[in-house]
Each structure stands twice: as C-alpha cells, then as structure tokens.
Amino acid sequence: MSYVARVLQPGETVVYTTRLHWLIYLRAIVLLIVAVIVLLAASFATNEYARMALQIAAAMLALLALGSGGRAFLRRTTTELAITDHRVIYKTGLVARHTLEMNRSKVESVDVDQTMLGRVFGYGTIVVRGTGGSLEPIRNIADPLRFRSHITMG
C-alpha cells in the first residue's frame, strides 16, 4: 500500500499523481554507452595488455552504470507525489523518509523552474511556498506545469 493511500483522510480523494521523470536514469545510460564504446575499442586493440585494460575499464564502467541505475530506480520508486482535494503530498525515501504534506489552502505560490532540456523533455523543479515562508523544492518532476496547475486550481 502506498504512502499516499495510507495517509488519506476520510472523504479525501486523490486528484493528481505524478512521478520523477525518467531522465534521472541519464547518468546510468551515459555510463553504459561509454562502457559499450570502450568494449568495442577493446575488440579492435592489437596489444593484449591494451585489450585487457580496455575490457577492465569497460567492466568498471558497466558496474558504475549498474549502481547508478539502481540508485535512480530506488529513488524513483520510493518517491510519491500526489495532490488531493485538500493537500499536496510529497514523500521520498525507503528507510529514511522525508515527507511534505501541505494544505492546499496554505499554499501561497508554486514556482516552476525548467532548464532548456527540462522544457524539451518535460521535467523540472517545483518550489511550493506555504504560509509562513516554508520552501520545499521538488526536483525532476515529470510535467511540472500540470502538477502546478492541479495545486493552484483548487
């Protein structure tokens, strides 16, 4: 059972949910591509020591890609973002948990920051400003404009 489902109050309904954008896997993808290129270079090496060194480098890069991909997968699967008819709910973490639950009526503004790549690929950072000046940046959200619209429309 998800965190959002567990914390819903009686009569409260989920209006919108989203996830972190798939681009958080970019580091793992780049490392894997470089590992494949290094492995291909190893197949063309004429010197046995150079071939072995390139194969070891490719294996190390592949392990780094696996670790980076696993970390991104864990981060993406343990992050929940939801908007209910009463609250904005943000939860991240598996063992150590960080949550933000803010009443929609207490939200003063919602800032959306998108880089050029963020606009092209549809991700960005949302900063929720609540009454009393609390700031909570939520990074790498898929479709941040739609998320903001759902927060501000109620």
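Above this text is the structure in question.
Residues numbered from 1 in each chain as written. Predicted model: local features only at pLDDT ≥ 70, side-chain atom pairs only at ≥ 80, totals over all residues. Heavy atoms only, no water.

Visitor: What is the right way to look at the side chain of Arg87 in this model?
Guide: For Arg87, the position within the fold is in strand β3 (residues 87-92). Residue classification places Arg87 among the buried positions, given a relative accessible area of 9%. There is a polar contact of 2.5 Å between the side chain of Arg87 and the side chain of Glu101. Sequence-distant contacts of Arg87, that is, excluding residues within four places in its chain, are made with Val7, Leu8, Gln9, Glu12, Ala82, Glu101, Met102, Asn103 and Arg104. (Helix = DSSP H or I, 4+ residues; strand = E, 2+ residues; numbered from the N terminus. Buried < 20%, exposed > 50% of the residue type's maximum accessible area, 1.4 Å probe, protein only. Polar contact = N/O pair within 3.5 Å; in protein donor to acceptor, adjacent residues only side chain to side chain. Contact = heavy atoms within 4.5 Å.)

Visitor: So what exactly am I meant to see when it comes to the sheet that holds strand β1 (residues 14-18) here?
Guide: Within a sheet, neighbouring strands are paired by backbone hydrogen bonds and run either parallel or antiparallel to one another. An order of β1-β2-β3-β4 is seen for the four strands of this open sheet, with the pairing classed as antiparallel. Of all the strands in the sheet, just β1 and β4 (98-103) have a single pairing partner and so form its edges. Strand-to-strand twist across the sheet, computed as the mean angle between neighbouring axes with direction ignored, equals 10°. With four bridges connecting them, strand β2 (residues 80-84) and β3 associate as antiparallel partners. Residue pairing for β3: Leu81 is matched across the bridge by Tyr90. Relative to the sheet, helix α5 (residues 144-152) contacts β1, β2 and β3, its axis offset from that of β1 by approximately 160°. (Pairing = 2+ DSSP bridges. Axes fitted to C-alpha atoms, helices over the stretch in contact; angles between N-to-C directions.)

Visitor: Any chance you could explain the pattern of salt bridges here in plain terms?
Guide: It is possible for side chains bearing opposite charge to pair when their charged atoms get close. The final tally for this structure, using the stated rule, is five salt bridges. Notably, a salt bridge pairs Glu12 with Arg87, separated by 2.8 Å at the nearest N-O pair. Here Arg87 lies in strand β3 and Glu12 lies in the loop between α1 (3-7) and β1, a separation of 75 residues in the sequence. Like Glu12, the residue Arg87 is buried in the burial classification. The residue Arg87 makes a salt bridge to Glu101 at a minimum N-O spacing of 2.5 Å. One end of the pair, Arg87, is in strand β3; the other, Glu101, is in strand β4, and 14 residues separate them in sequence. Judged by relative accessible area, Glu101 falls into the partly exposed class, the value being 34%. (Salt bridge = Lys/Arg side-chain N within 4 Å of Asp/Glu carboxyl O.)

Visitor: Explanation requested: the sheet that holds strand β7 (residues 135-142) in the structure shown.
Guide: Ordered in space as β5-β6-β7, the three strands form an open sheet in which the pairing is antiparallel. The open sheet has two edge strands with one neighbour each: β5 (107-113) and β7. Along the sheet, successive strands turn relative to each other by an average axial angle of 20°, direction set aside. Pairing of strand β6 (residues 123-130) with β7, which is carried by six bridges, proceeds in the antiparallel orientation. Following the sheet pairing, Tyr123 is matched in β7 by Ala142.

Visitor: Could you clarify how one ought to interpret the environment of Pro137 in this entry?
Guide: Relative to the elements of secondary structure, Pro137 occurs in strand β7. By relative accessible area, Pro137 is classed as partly exposed at 33%. With 25 residues separating them in the primary sequence, Pro137 and Val112 have C-alpha atoms 9.5 Å apart. Not counting the four nearest positions on each side in its chain, Pro137 is found in contact with Thr125, Ile126 and Val127.

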